[in-house]
Amino acid sequence: MIDQFLARLNEPRFGITFLTAVTSLVMASHWPPMAVPSLALLALFVARPNVAAHPAVWWIMAVAWFAAQVVVPERMEDHVPLFAIWLVAVALCLHRPAEEFLAAAAFQARMLVGVTFGAAVAWKVYFGTYLDGVTLWTYMIADERFRPLSTVLGLSDDAIQADRKEISQLLSGDRAVAVLESSGLTVTGIVAVSVLTLVLEIVISLSHLVSDRSRLARLRLPSLVLFGVVTYGVVPVLPFALLLALFAMTVAGWRRDVMWVLPTFMIVIAIRVATLAF
Amino acid sequence: MKLSSDSRSLAAMVPVALLLCSIAVHGFQIVAHEDDPQRSGAFAMFSTIDIGATRKIVVTAQDGAVLLELPESMGQQGLSLLDRPSEKAATSFVSELTELTWTVADGVATEGGSETFDGLRLQVVGLGNEGRTLHRTVLVDVVVGPSS
């Protein structure tokens, strides 16, 4: 039975929808009550796999996730609305003949990735503090999870503590300004990382939005995997990592030779979670 | 139910249209209402220095002579206010503080004790910058009580 189940995972219509159900369960970490419909859906995959592939099931899941966003908006991060929209996409794809499912799902996944990363690039340009490194620098000060990056770039713990204190005093009104200062090499490193990550996001967006025939389309999988490894190697966000792995494998045709993407993301996250305390 | 070819091509664009709507709605909330870019559906994460985690609620009494330490019991409300710093939410938050009693020592008030404040000022402050020089920006500023 287990062999049969694993074999079915290779079928796009079963595998993509099943991984979406798993992602739903992980997404429920944002609001535990959503674990109930997610577990029910997973149970359906085991007990009645044909029913689990019915579009109505996915419309219900989509409505449930949209409702969750209305009920507890403060618990939702941007990957939750993206996931709810993916559920709509899955439902629509399941209305198509079985042989068209993969092509339809791949189209949906690459459009969602392209627009999502396009928006991320647009915001970084709009706020104007990303390319000069100030945003990344501030995150390294404010968010402990950035420690591996700040260490590599030469920002010592003492320097970060001092910056943190200055910013706290600034917010309390005890000082007029706080100046981010470090060696030229560190500043250059921070700016370089900022520019490179922005370039990576631009490549991800464009490569997913262009047609399959474009040369740029070849960069879809490598750019998304590089993003996953670099990003989740620093900030381990499991639900988004799972969703991006699902998108990457779907866009790549749900082939056996791209199934390594999911374990790669999970291993990167596991390593980062295990090292968070250090 | 199978969709016709025309319906299929139209329906295929529904998810991306929903995504663009989500980005537009949340983007408007970020730009017009100072919503925390980290928490919305606009994919503005890691794009600016002014986020909920770098904002602070500052509550003072007696023309700034006393700084109130926010009670832990109001932590969740405080986080919501930092994420969506509206005047309405700030007024509701600070009104609750006027109903509490305080102990004042060295210009800092902590919850518990016998002192009360009729008038309080609440500011939600965040970070702005000019190059690598950070400065304080006031996102919301409300006063309740006799001095308002």
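Residue indices follow the written sequence of each chain, beginning from 1 at its first position. Note on labels: chains are lettered from A, ligands numbered from 1, in written order. A pLDDT threshold of at least 70 governs which residues receive local features in this predicted model, and a stricter bar of 80 or more applies before side-chain atom pairs are shown or counted, although totals over entire chains, interfaces and linings include all residues.

Quick look at the nonpolar core
Soluble, globular proteins show a tendency: their nonpolar side chains are buried together. Let me state the cut-off plainly: Throughout this description, the term nonpolar core refers to a group of buried Ala, Val, Leu, Ile, Met, Phe, Trp, Tyr and Cys residues whose C-beta atoms join them within 7 Å. We call a residue exposed when 12 or fewer other C-beta atoms sit within 10 Å of its C-beta, buried when the count reaches 20 or more, and partly exposed for counts in between; the C-beta positions come from the backbone. Start and end points for every domain follow an automatic or database-based domain assignment. Remark: residues whose backbone-derived C-beta atoms lie within 7 Å of one another are considered to be in contact.
By size, the foremost hydrophobic cluster in this structure holds 108 residues, and its most contacted members are Phe83(A), Leu87(A), Val90(A), Ala105(A), Leu112(A), Phe247(A) and Val94(B). Counting contributing residues per domain, this core is built from domain 1 (1-47) and domain 2 (52-144) of chain B, each supplying no fewer than three. Each residue touching Phe247(A), except ones within four places of it in the same chain, is listed here: Ala109(A), Leu112(A) and Val113(A).

Side note on helix α11 (residues 184-209) of chain A
Let me state the cut-off plainly: For the purposes of this entry, the term helix denotes a DSSP run of H or I that reaches at least four residues, the term strand denotes a run of E that reaches at least two, and both are numbered from the N terminus. By this rule, a helix spans an expected 1.5 Å times one less than how many residues it contains.
Its 26 residues place the ends of α11(A) 38 Å apart at the C-alpha level, agreeing with the 38 Å of an ideal helix rising 1.5 Å per residue. Turning to α11(A), its buried residues are Gly189(A), Ile190(A), Ser194(A), Glu201(A), Val203(A), Ile204(A), Ser205(A), Ser207(A) and His208(A).

So, the interface of chain B and chain A
Stated formally: In this scheme, strands are said to pair when DSSP sees at least two bridges between them.
Counting residues at the interface gives 40 residues for chain B, matched by 42 residues for chain A. Taken together, the elements giving at least two residues each to the side of chain B that touches chain A come down to α1 (5-12), α2 (14-33), β1 (56-61), α3 (75-83), β5 (120-130) and β6 (133-144) of chain B. It is α2(B) that provides the largest number of residues to the side of chain B that touches chain A, a total of eight residues. Looking at chain direction, strand β1 (residues 177-179) of chain A and β6(B) are connected through three bridges and run antiparallel. Opposite Val179(A), over in β6(B), you have Thr133(B) as the bridge partner.

Quick word on the domain arrangement of chain B
Residues and elements named next belong to chain B. In plain terms, the rule: The nonpolar class holds Ala, Val, Leu, Ile, Met, Phe, Trp, Tyr, Cys and Pro. Asp, Glu, Lys and Arg form the charged class, and all remaining residues, Gly among them, are polar.
Looking at chain B, the domain boundaries give domain 1 (1-47) and domain 2 (52-144). Each of domain 1 and domain 2 has a C-alpha centre, and these two points are 34 Å apart. Contacts between the two partners involve six residues from domain 1, matched on the other side by seven residues from domain 2. Across the side of domain 1 that touches domain 2, the residue classes break down as no nonpolar, two polar and four charged.

Remarks on the sheet that holds β1(B)
Heads up, the condition is: Geometry is summarised by axes, namely lines fitted to C-alpha atoms with helices restricted to the contacting stretch, and by angles between N-to-C directions that run from 0 to 180 degrees.
Overall, mixed pairing links the seven strands, which are arranged β1(A)-β6(B)-β5(B)-β1(B)-β2(B)-β4(B)-β3(B) in an open sheet. This sheet does not close on itself; its edge strands, each paired only once, are β1 of chain A together with β3 (102-105) of chain B. Direction aside, the axes of adjacent strands within the sheet are offset by 30° on average. The strands that helix α4 (residues 87-98) of chain B touches are β1, β2 (66-68), β5 and β6 of chain B; relative to β6(B), the one it contacts most, it runs at about 65°.

Quick notes on the confidence of the model for chain B
We apply this condition: pLDDT is defined as a per-residue confidence score from the predictor, taking values between 0 and 100.
The pLDDT averaged across chain B works out to 89; a share of 93% of its residues lies at or above 70. Confidence metrics for the complex model read pTM 0.91 and ipTM 0.92.

What about the packing of helix α2 (residues 12-27) of chain A against helix α6 (residues 79-94) of chain A?
Residues and elements named next belong to chain A. Definition in use: Small angles under 35 degrees read as roughly parallel and large ones over 145 as roughly antiparallel, with 65 to 115 read as roughly perpendicular and the rest as oblique. Left-handed describes a crossing whose near helix is turned anticlockwise from the far helix by less than a right angle; the clockwise case is right-handed.
Here α2 crosses α6 at 155°, and the two axes come no closer than 11 Å. Judged on the interaxial angle alone, α6 and α2 are roughly antiparallel. The chirality of how α2 crosses α6 is left-handed. Residues Thr17, Thr20, Thr23 and Met27 of α2 form the contact with α6, whose own contacting residues are Val80, Phe83, Trp86 and Val90. Taken together, the residues of the contact of α2 with α6 break down into five nonpolar, three polar and no charged.

Focus: the environment of Ala89(B)
By the element assignment, Ala89(B) lies in helix α4. Filtering out sequence-adjacent residues up to four positions away, Ala89(B) remains in contact with Ser80(B), Leu81(B) and Arg84(B).

A closer look at the environment of Ile160(A)
All names here are of chain A. You can see Ile160 is positioned in helix α10 (residues 157-172). Assessed through the 19 C-beta atoms surrounding it within 10 Å, Ile160 is described here as partly exposed. Sequence separation between Ile160 and Ala142 is 18 residues, and the spatial gap between their C-alpha atoms is 8.7 Å.

What about the packing of helix α7 (residues 101-127) of chain A against helix α13 (residues 238-251) of chain A?
Residues and elements named next belong to chain A. In contact at an axis separation of 8 Å, α7 and α13 are set at 130° when each is read in the N-to-C sense. Relative to α13, the element α7 lies oblique. In the crossing of α7 with α13, the sense of the turn from one axis to the other is left-handed. Between α7 and α13, the contacting residues are Ala105, Ala106, Ala109, Arg110, Leu112 and Val113 on the first element and Phe247, Thr250 and Val251 on the second. Within the contact of α7 with α13, the residues separate by chemical class into seven nonpolar, one polar and one charged.

Regarding the UniProt feature "transmembrane region" (unreviewed entry) in chain A
Residues and elements named next belong to chain A. For clarity, the cut-off: UniProt positions are given in the numbering used here, feature names are shortened, and annotations may be inferred rather than shown by experiment.
In this numbering, the UniProt entry assigns the feature "transmembrane region" (unreviewed entry) to residues 12-31, 51-68, 80-98, 184-204, 224-252 and 258-277. Taken end to end, residues 184-204 is 100% helix and 0% strand, and its two terminal C-alpha atoms sit 30 Å from one another. Helix makes up 70% of residues 258-277 and strand 0%. Its end C-alpha atoms lie 32 Å apart.

Overview of helix α3 (residues 35-47) of chain A
All names here are of chain A. Our working definition: Arc definition: it is the arc formed by the directions from the helix axis to the C-beta atoms.
Here α3 is 13 residues long and its end C-alpha atoms lie 18 Å apart, about the 18 Å a rise of 1.5 Å per residue gives. When α3 is considered as a whole, its buried residues turn out to be Pro37, Ser38 and Leu41. Looking down the long axis of α3, one finds its buried residues gathered within 105° of arc, a one-sided arrangement. With respect to the buried face of α3, the exposed residues turned more than 90 degrees away are Val36, Ala43, Val46 and Ala47. Where α3 is buried, its residues contact α2, α4 (49-52) and α5 (55-71).

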